[in-house]
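Observations on chain architecture
What follows is the residue order along each chain.
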Amino acid sequence: MERRLVTIMAADVVGYSARMELSESKTIRQLSALTQIIGEQVVGHSGRVFSRAGDGFLSEFPSPVMAVHAGFEIQRILFASGEENGNRFQLRIGIHLADAVIDGQDLLGDGVNIAARVEGLAEPGSVLITQNVFDQVKRTAKLRFEDLGERSLKNISEPIRLYRVLDELENHSYITGIPTTLQGNADLRRITPHSLAVVPFANLGGDPEQEYFSDGFSEDLITELARFHQIFLISRNASFALKGHNVDRQQMGKELGVAYCLEGSVRKLGSRIRITCQLTDTQTGDHVWAEKYDCKLEELYDVQDDIAASIVSMVAGRIEQQARVAAKRKKPADMLANDCLMRGLEHHRLGGVTREASEKALHWFDLAIEKDPGFARAYAWRSCALSTLAVWTGQDVWNDILDSSRRGLELDDGDAECHRIAGAISLQGRDYDQAEYHFCRALELNPNHAYILGRMGELYNFLGDGEMALKYQLRAKQLDPFLPAYCRELEAVAYYLLGQYADTVAVVAQLSRATRIAAAYRVAAYRHLDDPTGLKRAVCDLRVIDPDFTINRFLATQYYKDQRLLSQLRDDLRAAGLKVE
């Protein structure tokens, strides 16, 4: 028997028999329309429907991410269409990743049965996924999930952990969060001299639980290298997009526009660490530098400084002594505190994905502070975790967020992360002068940080200075070829403020997936263009992205200093026919 690993999506209409009894002809017409919607989304996400049985659909996808996105989009479209015509057709959807038996055009086996059983447990209008699907999509799907725990499935011997897809991360306001998805970029870029990409160091410890440690080391190294003005450093987001991808280094150099690539491995054995690293010339493929380090855990920061110094010396052609002039950050007195911080960051990046991850992040940051009360960065990240968790709980923790951020700055005023987070908090509190001060200070400390540059662009948007916002946004794009949509959306906002409405629409069209903010500004921009068809389509797209969109709820997240800009945005959205309350 021929077999292959596939992602299977099972979908079934809710109350189909009852609908047929009430109106057979109408239900058949609705089923035909539903079949078209499902077919378009499945094919559009590189899948195929391999089985139909009345009101049931079975589809296969080569990628779990594609399957989850397809299921999510189908439910959003059905919800939006139901809101418009008042007669919503509802589906249950279940998704499972499994080995399946190929029987002509059909797929058979336990994997198909499990997907169908999971679908049967789904609430109307929802998407349920199994643990193995969640493990593949949690970092890249940019969705939020609810952990439903283990469930027993009929005729399946072992219980399976299930997750419900809630909504998109972009539908919520977070102080921070950096997705690590490789979006791809076919454009070949001009190689920038003295430029470098850091591929996340591999975890050779043999324990998957130590992945957080190698990722944390890579991130700290990127942060250290970014302090050197001599180097053009690709951002963390672009670097971590390379993780797990076997990319030819010369091709990577062409696509990212970098002259050098740094990669290596980390092996943690008890209290000792072995680090290997090598520098590759992406234009020739030659290894131009390599080194191995054995150190104790408490010596890790000194090793990072040595690696940074050596790289700068090699890439920028400066002597090693000059290269060692790196800004000295305060180091935690107890390395176990730093270990807790790295564990917390691992969960924090999934804090918007599941509530459990958000709670775990806060736990680890609190533990880092307990072990080292003088650890500035732990306080800063704690304020971020509190903000993310508040989205899930609805609790008012604003004073706690402020206190934690201020404490981090008191302990280390020279830490870029502390200032970046303080800037975001100040902006959320509409303290524009403080926000500008903290963002500028963060850039002074870390001038090659694409995310800080993006947040600077956001600040100047809210100050009404579209030209300055574009300046920072374009610099961020140069540093990060994989700049995520939640940063690219700032470019669309800047064009809207400048009255370049066609450019706003064009930028949103370039996004792989339009965010709620991008879609809202596209609607506002179309109000100034002679294109009623485009406006109608933009409104529909926004309703699909956020079926519960209201103008007042959206404007509450737009922190404009000049209330006239907020009034213009309100008028444009209201004129487009969107709900106010």
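Residues numbered from 1 in each chain as written. Predicted model: local features only at pLDDT ≥ 70, side-chain atom pairs only at ≥ 80, totals over all residues. Heavy atoms only, no water.

1. Digging into the overall build of the chain
Counting its secondary structure elements, the chain contains 24 helices and 14 strands. Expressed as a percentage of its 581 residues, the buried residues of the chain come to 57%. Of the accessible surface of the chain, which amounts to about 24600 Å², a share of 47% is contributed by carbon and sulfur atoms. (Helix = DSSP H or I, 4+ residues; strand = E, 2+ residues; numbered from the N terminus. Buried < 20%, exposed > 50% of the residue type's maximum accessible area, 1.4 Å probe, protein only. Areas by Shrake-Rupley, 256 points an atom, 1.4 Å probe, with all protein chains shown as cover.)

2. Topic: unusual backbone geometry
Backbone geometry at Ser46 places phi at a positive 65 degrees, although glycine is not the residue there. Residue placement: Ser46 occurs in the loop between α2 (24-44) and β2 (48-53). Positive phi values are uncommon outside glycine, yet Arg430 reaches one of about 65 degrees.

3. Here we look at the pairing of strand β6 (residues 127-130)
Burial along β6 is two-sided: the face carrying Val127 and Ile129 and the face carrying Leu128 and Thr130 are both buried. Where strand β4 (residues 91-103) lies against β6, three bridges are found, and the strand directions are parallel. By the bridge assignment for β6, Ile93 is matched with Val127. As defined by bridge partners, β6 adjoins strand β8 (residues 160-168) across three bridges and the pair is classed as antiparallel. The residue of β8 that forms the bridge with Ile129 is Tyr163. (Pairing = 2+ DSSP bridges.)

4. Considerations on helix α21 (residues 516-526)
By the criterion of burial, α21 is predominantly enclosed, with eleven of the eleven residues buried. For α21, the full list of buried residues reads Arg516, Ile517, Ala518, Ala519, Ala520, Tyr521, Arg522, Val523, Ala524, Ala525 and Tyr526.

5. With respect to the side chain of His419
When you line up the elements, His419 lands in helix α15 (residues 416-428). Reaching out from His419, the side chain makes a polar contact with the side chain of His438 at a distance of 3.1 Å. (Polar contact = N/O pair within 3.5 Å; in protein donor to acceptor, adjacent residues only side chain to side chain.)

6. Details of the pairing of strand β1 (residues 3-13)
As defined by bridge partners, β1 adjoins β4 across eleven bridges and the pair is classed as antiparallel. When the sheet's bridge partners are listed, Met9 is paired in β4 with Ile95. Where β1 lies against strand β3 (residues 56-61), six bridges are found, and the strand directions are antiparallel. Across the sheet, residue Ala10 finds its bridge partner in β3, namely Leu58.

7. As for the packing of aromatic side chains
Inspection of the entire model under this criterion finds nine aromatic pairs. Seen from their ring centres, Phe549 and Phe554 are 5.4 Å apart, and the 40 degrees between their planes marks the pair as tilted. Just above the ring of Trp392 sits the side chain of Arg144; from NZ or CZ to the centre is 3.8 Å. The lysine or arginine in question, Lys471, covers the ring of Tyr472, its NZ or CZ lying 5.9 Å from the ring centre. (Phe/Tyr/Trp six-rings, centres within 6.5 Å; stacked < 30°, edge-to-face > 60°. Lys NZ or Arg CZ within 6 Å of the ring centre and 35° of its normal.)

8. A look at the confidence of the model for the chain
Low pLDDT means the predicted coordinates in that region are not meant to be read closely. Residues with a pLDDT of 70 or more make up 86% of the chain, whose mean pLDDT is 83. When the criterion is pLDDT under 50, residues 173-189 qualifies, and its contacts beyond four places in sequence or with other chains add up to 61 contacts. Note on residues 316-330: pLDDT is under 50 here. Beyond four places in sequence and across chains, it has 29 contacts. (pLDDT = per-residue confidence, 0-100. Contact = heavy atoms within 4.5 Å.)

9. Concerning helix α18 (residues 466-479)
Its 14 residues give α18 an end-to-end C-alpha distance of 20 Å, which sits within 8% of 20 Å, the value for a rise of 1.5 Å per residue. Within α18, the full set of buried residues consists of Gly466, Ala469, Leu470, Tyr472, Gln473, Ala476 and Leu479. (Expected span 1.5 Å × (residues − 1).)

10. Description of the pattern of salt bridges
In total, this model carries 26 salt bridges according to the counting rule given. Across the pair Arg249 and Glu263 runs a salt bridge, and its minimum N-O distance is 2.9 Å. Here Arg249 is found in helix α8 (residues 249-256), whereas its partner Glu263 is found in strand β12 (residues 258-269), with 14 residues between them in sequence. Across the pair Asp571 and Arg574 runs a salt bridge whose closest N-O atoms are separated by 3.6 Å. Remark: Arg574 and Asp571 occur in helix α24 (residues 563-575); sequence separation between them is three residues, near one turn of the helix. (Salt bridge = Lys/Arg side-chain N within 4 Å of Asp/Glu carboxyl O.)

11. Here's the deal with the packing of helix α16 (residues 432-445) against helix α17 (residues 450-462)
It is the contact of α16 with α17, at a shortest axis distance of 10 Å, that shows an interaxial angle of 155 degrees. In terms of orientation, α16 and α17 fall into the roughly antiparallel class. Crossing of α16 against α17: the hand is left-handed. Taken together, the residues of α17 that come into contact with α16 (itself represented by Tyr432, Ala435, Glu436, Phe439, Cys440, Ala442 and Leu443) are Ile452, Leu453, Arg455, Met456, Leu459 and Tyr460. Across the contact of α16 with α17, the residue classes break down as eleven nonpolar, no polar and two charged. (Axes fitted to C-alpha atoms, helices over the stretch in contact; angles between N-to-C directions. Parallel < 35°, antiparallel > 145°, perpendicular 65-115°, else oblique. Left-handed = near helix turned anticlockwise from the far one by under 90°. Nonpolar A, V, L, I, M, F, W, Y, C, P; charged D, E, K, R; others polar.)

12. A look at the environment of Ile160
As for its position among the elements, Ile160 is in strand β8. When the C-alpha positions of Ile160 and Glu150 are compared, they lie 5.1 Å apart, and in sequence the two are ten residues distant. Residue contacts for Ile160: discarding those within four places in its chain leaves Ile114, Thr130, Gly149, Glu150, Arg151 and Leu153.

13. So, the packing of α21 against helix α22 (residues 532-545)
With their axes 9 Å apart at the nearest point, α21 and α22 run at an angle of 160 degrees to one another. Taken together, the axis directions place α21 and α22 in an arrangement best described as roughly antiparallel. The two elements α21 and α22 cross, and the hand of that crossing is left-handed. Counting all contacts with α21, which are made through Arg516, Ala519, Ala520, Arg522, Val523 and Tyr526, the residues of α22 involved are Gly534, Leu535, Arg537, Ala538, Val539, Asp541, Leu542 and Ile545.

14. A short note on the environment of Ala442
By the element assignment, Ala442 lies in helix α16. Each C-alpha atom, one on Ala442 and one on Gly423, is 8.7 Å from the other, the two residues being 19 residues apart in sequence. Leaving out residues up to four positions away in the same chain, Ala442 has contacts with Ala416, His419, Arg420 and Ile452.

15. Description of the nonpolar core
If you look at the biggest cluster of nonpolar residues, it comprises 65 residues, and the most contacted ones within it are Tyr521, Val523, Phe549, Phe554, Leu569, Leu573 and Leu578. It is α21 that provides the largest number of residues to this core, a total of nine residues. What Val523 contacts, discounting residues up to four positions off in sequence, is Leu535, Ala538, Val539, Leu542, Leu573, Ala576 and Leu578. Counting 35 residues, the second-largest nonpolar core is a separate cluster that includes Ala67, Leu78, Leu97 and Tyr163. (Core = buried A, V, L, I, M, F, W, Y, C linked by side-chain atoms within 4.5 Å.)

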